[in-house]
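Each chain, written out:
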Amino acid sequence: MKYEPVIGLETHIELKTSSKIFCSCPVSFGQKTNTSCCPICTGMPGTLPKLNQAVVDYAIMAGLAVNCKVSKVSRMDRKNYVYPDLCKAYQISQYDMPLLKSGHITLSDGHAIRIKRIHIEEDAGKLIHENNELLIDYNRGGVPLIEVVTEPDFCTSSEVKEYLETLRLIMKTIDVSDCKMQEASLRCDVNLSVKVPGENPGSRVEIKNVNSFAYIVKAIEYEFLRQVNLIEKGQKIKQETRRFNAQTGKTETMRSKEETQDYRYFPEPDLPYIYVSDERIASLAEKLPELPQSRIKRYVEEMKVRQKDAEEIIKYPKLADYFEEIVKISKNPKLSLSLMLNHVYRNLLTEEEKEGAKISVTPFDLAQVVLLQDGSIPASFVKTVVDRMLKEGKSFEELFDISDFQKVSGDDLLEIVKNVIDENPKAASDYKGGKEKSIKALIGLVMRKTSGKADAKLVSELLKERLQK
Amino acid sequence: MKGKIVRLHEKLINGEITSLELTSKYLENIRKFDSEINSYITVTQEEAFKAAKATDEKIAKGEKVPLLSGIPMSFKDNLSTKGILTTCASKILSNYIPVYDAFVVEKLYEQGAVLLGKNNMDEFSMGSSCETGYYGRTKNPYNYERVTGGSSGGGAAAVATDMAVYSLGSDSGGSVRQPASFCGVVGLKPTYGAVSRNGMIAFASSFDQIGVLATTVEDTAIVFDTISAYDAIDATCSGKKRDKCFEDINRDIKGVKIGIIKNLTRELSGEISKSIKDSCESLKSLGADITELRIDNLDLAMPVYCILTCAEASSNLARYDGVRYGYRTKDYESIDEMIRKTRSEGFGSEVKQRIMMGNYVLGAGRYENYYKKAMSIRQLIKKSVDEAFEKVDVLLSPTSIVTAFKEEEKLKDPIDMYLSDLCTVTANICGYPALSVPCGFDNSGLPVGLQLMGRNFSEKLLLNVAYKFEDANQIIYKKPKGGAYSFEI
Amino acid sequence: MQKEELERLARLSMFNLTDDEIDSFKNRMQSVITFTDLIEKAGAHADFIFENSDNLRNDTSCVPFEQSDILSNAPTVKDGFFSLPEVK
Ligand SMILES: [Zn+2]
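The present account deals with the structure reproduced in this document. (Residues numbered from 1 in each chain as written. Chains lettered and ligands numbered in written order. Predicted model: local features only at pLDDT ≥ 70, side-chain atom pairs only at ≥ 80, totals over all residues. Heavy atoms only, no water.)

## Topic: the packing of helix H10 (residues 301–316) of chain B against helix H13 (residues 368–391) of chain B
In a packed pair of helices, the relevant descriptors are the angle between the two axes and the axis-to-axis distance. All names here are of chain B. One way to put it is that H10 packs onto H13 with a least axis distance of 9 Å and a crossing angle of 130 degrees. Between H10 and H13, the angle is such that the two are oblique. Our pair here, H10 against H13, has a crossing hand that is left-handed. In this structure, H10 contributes Ala301, Val304, Ile307, Leu308 and Ala311 to the contact, and H13 contributes Tyr370, Tyr371, Ala374, Met375, Ile377, Arg378 and Ile381. When grouped by side-chain class, the residues that make up the contact of H10 with H13 number 11 nonpolar, no polar and one charged. (Axes fitted to C-alpha atoms, helices over the stretch in contact; angles between N-to-C directions. Helix = DSSP H or I, 4+ residues; strand = E, 2+ residues; numbered from the N terminus. Parallel < 35°, antiparallel > 145°, perpendicular 65-115°, else oblique. Left-handed = near helix turned anticlockwise from the far one by under 90°. Contact = heavy atoms within 4.5 Å. Nonpolar A, V, L, I, M, F, W, Y, C, P; charged D, E, K, R; others polar.)

Following this line, the structure appears as structure tokens:
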């Protein structure tokens, strides 16, 4: 193709601190309107901001996780613009002295996306337009955000998608954000221009506030084609800010460059500079858990599990933690992972349950199942066992008597099945001849021989399997 | 010289007078004279009586009460008072009732202070004459045709005329000291970071500091000791341990090195010049070591002040949009129109001009040449002042190069108005403490103020020197001409 | 100071200015700008910073204000929201 897109990304991520960035109002989602507010976060006259230590710490951890350098000295600046969702008419953000600089995220094909900077800032309130009336809720105002700004290093929308998925996973793994798009705790602005190879890129168009991964891909694809079309027609691309319309799947003009905001940045006089010591950086680095990429590598190389399975389990960092606990006891990574992916996942119905690893029994309990599965319980029992354990929140021992399984399971049961078939050739040949009902008699005989302790369904399966041979 | 607070406190605990009686006397003065002087925007009689009674009850029960308990006082109308109108002398806040108290308000309430009301000021503290506010100008008690100075002119006039024992104002370029000097009272601007700004409605955040207005140095010290404390809410408030200024305020000042700022005393009118010379003689006779010195770059102080305060103000005042509180225009069709009309109707012209000036110096392409340059010169000026403080402990100058000027005299020329703060801005630029103490009168009987400036957190020394000076020159305490307001206490 | 520049500043500052205001502000602001241009001749130095080491708060949340207090000064409210009626 003659044209290449040049794409950069600004990602806003909400930090999960307990209080807001400049006041002690709780950070919460779904509260009644204007009830998580105080004079500070509603911009009442005479109020002053005071920076939350945890915001600085979480941002540094986020930065370290994507290979950024921490600035020893940084500061907050005011970004001035008037809109009713911004209660002070300026956003306290960072301009020319961000907390974190020059990091990168490496994609699976080895292509490194450079991260120019990460800075901390406050979120604005929420506006609702309803029947010619503007309604404002400031609960979200003052919620801490980091903004992760990349260099224009993306060449395709799928790279953007992979970068975002990786970034989200990293933030979830280090537990500084929930990264839930539906709660707007992760939002993106996309910068896109079109480049003819060998030439400088054209004017940059910014697409504001796209709020799902699928929309981001759509917005990029639409915008690229729009710009290419214009170039082919010999028209110039206007530098402007656009928004993505999810209904039409198109981007549309928000404001042109002439109207571009003059943000009149200047240092926030109400806040001292932020100084970060080497000791602080070191202690935060120590707090960082293992990052997803190295975790996958370790699972594949040391635990010898499949890459695909490893990638699946680390999507939910807490489930991966749980899995590792099982392995510690079971010493059987493959079987433990298959237990997680095949049986435990099925019992976690919502994303939230998966995120939170809401499992009603302990890793020790499930490790017992793995251990028993290795001989004592036949594989076909595992589903029933795990489902009952998780549903009732009880251990294997509380629910089952292991001797029952031993009497009737595994080789023993198979032996009994074999004998019954051998002893009842008529019933066996009837079944083979198409009289499916005759299997009932055989099941009855097996059950009698096991004193009714075998699983009827399993017996029926074993008989069918045997008879089909 | 003994201050009013200690004397009144003694009378209160001796039972010679009750706080309720005292408060009534002050309220009576306000009733009689303030319709003319206009030093109050709001008078809080009910709250005052309630607080006075509370002190009286304690005393009646034999409880020990703090020095400031039961003493009637006032706040500048840019200090947030919960449940009490707080306007900044602006139409845009003409209906604003805060839901929280400023840190200093809390501190003084804790001591049992009796709030008489909220004082007039220049709109959002932008002015040096107390003429730009929505509620009209405050008149100088010494001469009604003259200004009180500003922006804390209402408080200075109230204190000068026994309409408050003391008042808290704010000082961003001289707003406490200059009106103190024009009205013949003491005015202290503390070190930046000594007093929490929490609840003070901002004009220029890195210049603003809450200050004290009182008739004597001792009173000033007592009030300052009470409000100077660490406040976790204000990130720019210092955690440094404060010296108690009222303790041994009477100590000897032998050997204290005082430097006269030559470049601020050179072009003075004969009368002011004479007052300053006499003051120096007096300090010398008290044992101070007086020298003269030059401080470089002071000619740049006013432009730097002008650029930086306008820049900060333009941003600080952008929040007044008619959405959450304050005045809102009647007719509009869009959000944008509502905000524009509200602000156009709600702000006076001085405020509008300074906001636009701020947006000019912060604007794309100008930031480097104006704001950033001014920030670096701010550092340069501080360096020059620091060099002077290597040689002396206290820097001396007049508080203002003029005495109270005629009403509207300086409204025509903004530069002329700015220059009336010529001697005071340097302290705000550096963040250093400075005070104004009365030191004489000009030929038309208008007070002259002497300014003392010190290093960071040197309020104790400044108040000590001022106390000794005041004590040695008691003659200067001449009541305003229409001195009818004063009563014996 | 050109009229257009002043109008731009008025837009940024969210003011509608009357012609009279524009005339008077133009001259007054021009004189202030000329005055501040004094700083051009001075050399550049380090930036001014108050000697105040960083002063951060701990991440503890407190009980927020009552909704009624937060909304008490609002010219109009609706269902717990700040509101601005009659806008397109
Ligand atoms: Zn809050």
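Don't stop here, the text continues.
## Some details on the packing of aromatic side chains
This model, assessed by the stated rule, comprises 22 aromatic pairs over all chains. Consider the rings of A:Tyr316 and A:Tyr345, whose centres lie 6.0 Å apart with planes at 80 degrees: the pair is edge-to-face. Here A:Tyr316, found in the loop between helix H6 (307–314) and helix H7 (317–330), pairs with A:Tyr345, found in helix H8 (residues 333–347); they are 29 residues apart in sequence, far enough to count as distant. The burial state of A:Tyr316 is the same as that of A:Tyr345; both residues are buried. Centre to centre, the rings of B:Tyr367 and B:Tyr371 are 5.3 Å apart; their planes meet at 15 degrees, and the pair counts as stacked. (Phe/Tyr/Trp six-rings, centres within 6.5 Å; stacked < 30°, edge-to-face > 60°. Buried < 20%, exposed > 50% of the residue type's maximum accessible area, 1.4 Å probe, protein only.)

## Notes on the sheet that holds strand S13 (residues 447–454) of chain B
Within a beta sheet, neighbouring strands are joined by backbone hydrogen bonds and run either parallel or antiparallel to one another. All names here are of chain B. Pairing in this open sheet of 11 strands is mixed, and the strands run S1-S3-S2-S6-S8-S7-S12-S13-S11-S9-S10 from one edge to the other. The open sheet is flanked by strand S1 (40–43) and strand S10 (289–293), the only strands paired with a single partner. Averaged over all adjacent pairs, the angle separating strand axes in this sheet is 25 degrees, with direction ignored. Bridge count for strand S2 (residues 72–76) against strand S6 (residues 166–171) is three bridges, and the pairing is parallel. Within S6, the residue paired with Ser74 across the bridge is Ser167. The strands touched by helix H2 (residues 19–37) are S1, S2 and strand S3 (114–119); relative to S3, the strand with the most contacts, the crossing angle is about 20 degrees. Packing against the sheet, helix H5 (residues 153–160) makes contact with S1, S3, S6 and strand S8 (209–214), and its axis sits at approximately 20 degrees to S8. (Pairing = 2+ DSSP bridges.)

## Let's talk about the interface of chain C and chain B
Each side of the interface is counted separately: chain C has 53 residues, and chain B has 70 residues. Note on chain C versus chain B: buried area summed over both sides is about 5,200 Å², and carbon and sulfur give 62% of it. Counting across the chain C and chain B interface gives three salt bridges. The partner of C:Arg28 in a salt bridge is B:Glu350, and the shortest N-O contact between them spans 3.6 Å. (Buried area = accessible area lost by both parts, 1.4 Å probe. Salt bridge = Lys/Arg side-chain N within 4 Å of Asp/Glu carboxyl O.)

## Some words on the interface of chain C and chain A
Taken together, the 33 residues of chain C in the interface contact 43 residues of chain A. Summed over both partners, the interface of chain C with chain A comes to about 3,200 Å²; 58% of that surface belongs to carbon and sulfur atoms. It is C:Arg57, C:Asp59 and C:Phe81 in chain C that bury the most area against chain A; as a group they hold 23% of the surface buried on that side. With its nearest N and O atoms 3.6 Å apart, the salt bridge here joins A:Glu133 to C:Lys78. Taken together, chain C and chain A are joined by 19 residue pairs in polar contact (both at pLDDT 80 or more). Going through the elements one at a time, helix H1 (3–12), helix H3 (67–71) and strand S2 (81–84) of chain C are the ones with two or more residues in the side of chain C that touches chain A. Alignment of strand S9 (residues 133–137) of chain A against S2(C), held across three bridges, turns out to be antiparallel. (Polar contact = N/O pair within 3.5 Å; in protein donor to acceptor, adjacent residues only side chain to side chain.)

## A short note on empty space enclosed by the protein
Applying the stated criterion across every chain, the model contains 10 cavities of 30 Å³ or more. Approximately 250 Å³ is the volume found for the largest cavity. Around the largest cavity, the lining comprises 18 residues; the ones closest to its centre are A:Glu268, A:Pro269, A:Leu271, A:Tyr273 and C:Phe50. Element by element, the count of residues in the lining of the largest cavity is highest for H13(B), at three residues. Looking at the lining of the largest cavity, its residues break down into 12 nonpolar, three polar and three charged. Approximately 90 Å³ is the volume attributed to the second largest cavity. (1 Å grid on protein atoms, 1.4 Å probe; cavity = no way out; pocket = protein on both sides within 12 Å on 5 of 7 lines; lining within 4 Å. Points joined across faces, edges and corners; volume = space filled by probe spheres on them.)

## Focus: the sheet that holds strand S5 (residues 90–93) of chain A
Residue and element names in this part refer to chain A. Across the sheet, three strands lie side by side as S5-S4-S15; this open sheet has antiparallel pairing. Whereas interior strands pair on both sides, the edge strands pair on one side only; in this sheet they are S5 and strand S15 (266–267). Both strand S4 (residues 77–80) and S15 contribute to a ladder of two bridges, which runs antiparallel. Note on S15: the bridge partner recorded for Arg78 is Phe266.

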